[in-house]
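Spelled out from the first residue to the last, the chains are:
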Amino acid sequence: MGGFEPYRAVWSPSDEALLAGLSSGDAQAATAFVRRYQARVFGLALTIVGDRALAEEIAQETFLKAFQHAATFDPRRGKVVTWLLSVARNSAIDALRLRRALPTDPETLSLLRASAGEPGPEEAPVQADEIEALKRALAGLPAEQRRALVLAAFYGRTGREIAELEGAPLGTIKTRIRTALIKLRSALEVRHGG
Amino acid sequence: MVAEPFCERARAALPELVLGVLGGDERAAVLKHLGSCPACRAEAAALSEAADGLMLLAPEIEPPVGFEARVVGAWRAPRQRRWGVSLVAAAVLAALLAAAVVWIVGAPDRDLARSYRRTLAAVDGRYFTAAPLRGIDGAAYAYSGEPSWVFVVVRSGPAGTYRCSALTADGTTVGLGSFEVSRSPGHWGTVLPFDVHELAMLRLELPDGGSASASF
């Protein structure tokens with residue numbers, strides 16, 4: 001693609017600027033937006049469903065939904081990337097349910113590998129910090145808490161389903177999920193508090 | 001300040017709520033409580049931040065080459081003019097739909113996606129949408145208007161009773177009804193009790209116990 005590309009200038013347009021551009025039909029804004037988040041969206045979808053073709057379908061659906069709702073996105077309700085990833089996550093979970101697929105063993109997920117969750121070149125420093133803190137907190141959880149949290153967060157498994165999978169009482173599972181998420185929240189709070 | 005007794009129950013359920021895995025009744029009760037309890041709302045917001053952050057831990061993986069071109073190519077820019085909804089327009093759409101069904105039968109799946117997009121463009125994508133069914137050979141169409149409706153085509157599938165339900169954007173499942181298919185292709189349509197923009201997925205329970213869905 002030759003010629004002047006307004007969205008590849010030295011400065012990086014905000015998500016809101018790209019969304020505004022694509023709401024008015026600007027294909028270059030749409031392309032820049034997809035480029036910015038495609039690795040995150042596809043990576044999450046693939047992590048959850050484990051199938052590249054399905055993950056691509058989910059990723060495409062996610063962006064098309066984003067384009068549909070671009071004009072009504074409210075930045076006060078949260079970050080664009082958060083919203084994108086939750087759409088991707090929900091689509092991926094639905095796709096898994098339809099295929100009645102069992103989740104991949106959460107421990108073998110690439111989440112904890114050294115390269116996992118490493119901030120991309122365009123990642124804001126604040127976000128990179130957050131990711132580091134969460135990565136450490138997740139790695140520091142007892143295995144059964146981490147498993148329960150990952151099964152709920154990434155696979156949408158309810159407490160009841162996890163209890164069946166793990167062969168543990170429902171109350172125990174609920175406590176594990178709660179304890180794990182609270183620890184992650186504390187990890188973020190420590191950063192905020194400074 | 002003494003916490004209301006329900007706060008303790010709500011707090012215990014908040015992690016599952018923000019992770020989206022809390023069951024229907026409990027979810028409704030907790031959400032209702034959040035509506036009037038700023039303290040629990042603040043806690044829910046903090047937990048949400050952690051849950052959202054978790055999604056960022058998944059590795060960044062580049063999709064197959066050409067992904068962005070495919071996405072942007074599939075996207076139709078929203079038109080500025082509004083498509084007036086009227087009986088005439090509805091009749092035109094119905095005719096177009098009938099033509100689309102005939103036209104699309106027999107096309108391989110990749111072409112289907114392109115066919116749908118072209119059909120959408122012809123009637124201004126905001127008001128009419130279509131998606132292939134996953135899990136069975138067929139398609140689902142949805143139209144936004146007064147009223148909104150969905151139309152399902154089963155090109156080839158088991159004979160028997162099909163049950164149709166809709167999954168809305170906020171995660172609620174709404175039963176839409178059932179229909180009989182004795183010989184393929186079968187088809188069925190119904191009015192949607194909500195606007196099509198709330199429609200996230202259409203689900204079909206098949207006569208042989210399987211399931212299929214179309215995502216919007």
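Higher on the page you've got the structure.
Residues numbered from 1 in each chain as written. Chains lettered and ligands numbered in written order. Predicted model: local features only at pLDDT ≥ 70, side-chain atom pairs only at ≥ 80, totals over all residues. Heavy atoms only, no water.

## Some words on the pairing of strand β2 (residues 137-143) of chain B
Residues and elements named next belong to chain B.
Argument step 1. By the criterion of burial, β2 is predominantly enclosed, with six of the seven residues buried.
Argument step 2. Taken together, the seven bridges between β2 and strand β3 (residues 148-156) define a ladder with antiparallel strand orientation. Bridge pairing in β3 places Tyr141 opposite Phe151. (Buried < 20%, exposed > 50% of the residue type's maximum accessible area, 1.4 Å probe, protein only. Helix = DSSP H or I, 4+ residues; strand = E, 2+ residues; numbered from the N terminus. Pairing = 2+ DSSP bridges.)

## A closer look at the sheet that holds strand β5 (residues 173-181) of chain B
Residue and element names in this part refer to chain B.
Argument step 1. Pairing is antiparallel in the open sheet, where four strands are placed in the order β5-β4-β7-β8. Every other strand in the sheet has two partners, leaving β5 and β8 (211-215) as the edge strands with one partner each. Put simply, the sheet's adjacent strands are angled 20° from each other on average, direction ignored.
Argument step 2. One ladder, built from eight bridges, connects strand β4 (residues 160-168) with β5; its direction is antiparallel. Across the sheet, residue Ala166 finds its bridge partner in β5, namely Val174. (Axes fitted to C-alpha atoms, helices over the stretch in contact; angles between N-to-C directions.)

## Quick look at the interface of chain B and chain A
Argument step 1. With 48 residues of chain B at the interface, the matching set in chain A holds 67 residues.
Argument step 2. Both sides of the chain B and chain A interface together cover about 5200 Å² of buried area, and 64% of this is carbon and sulfur.
Argument step 3. A salt bridge links B:Glu60 to A:Arg40, with the shortest nitrogen-to-oxygen separation between them at 3.6 Å.
Argument step 4. At the junction of chain B with chain A, the criterion picks out 13 residue pairs in polar contact (both at pLDDT 80 or more).
Argument step 5. Those elements that place two or more of their residues in the side of chain B that touches chain A are α1 (5-18), α3 (38-55), α4 (67-74), β7 (199-205) and β8 of chain B.
Argument step 6. Residues belonging to the side of chain B that touches chain A are distributed by class as follows: 29 nonpolar, six polar and 13 charged. (Contact = heavy atoms within 4.5 Å. Buried area = accessible area lost by both parts, 1.4 Å probe. Salt bridge = Lys/Arg side-chain N within 4 Å of Asp/Glu carboxyl O. Polar contact = N/O pair within 3.5 Å; in protein donor to acceptor, adjacent residues only side chain to side chain. Nonpolar A, V, L, I, M, F, W, Y, C, P; charged D, E, K, R; others polar.)

## Observations regarding α4(B)
Argument step 1. Within the span of α4(B), buried status applies to B:Phe67, B:Val71, B:Val72 and B:Ala74. The buried residues of α4(B) all sit within an arc of 165° when viewed along its axis, so they share a single face. (Arc of directions from axis to C-beta.)

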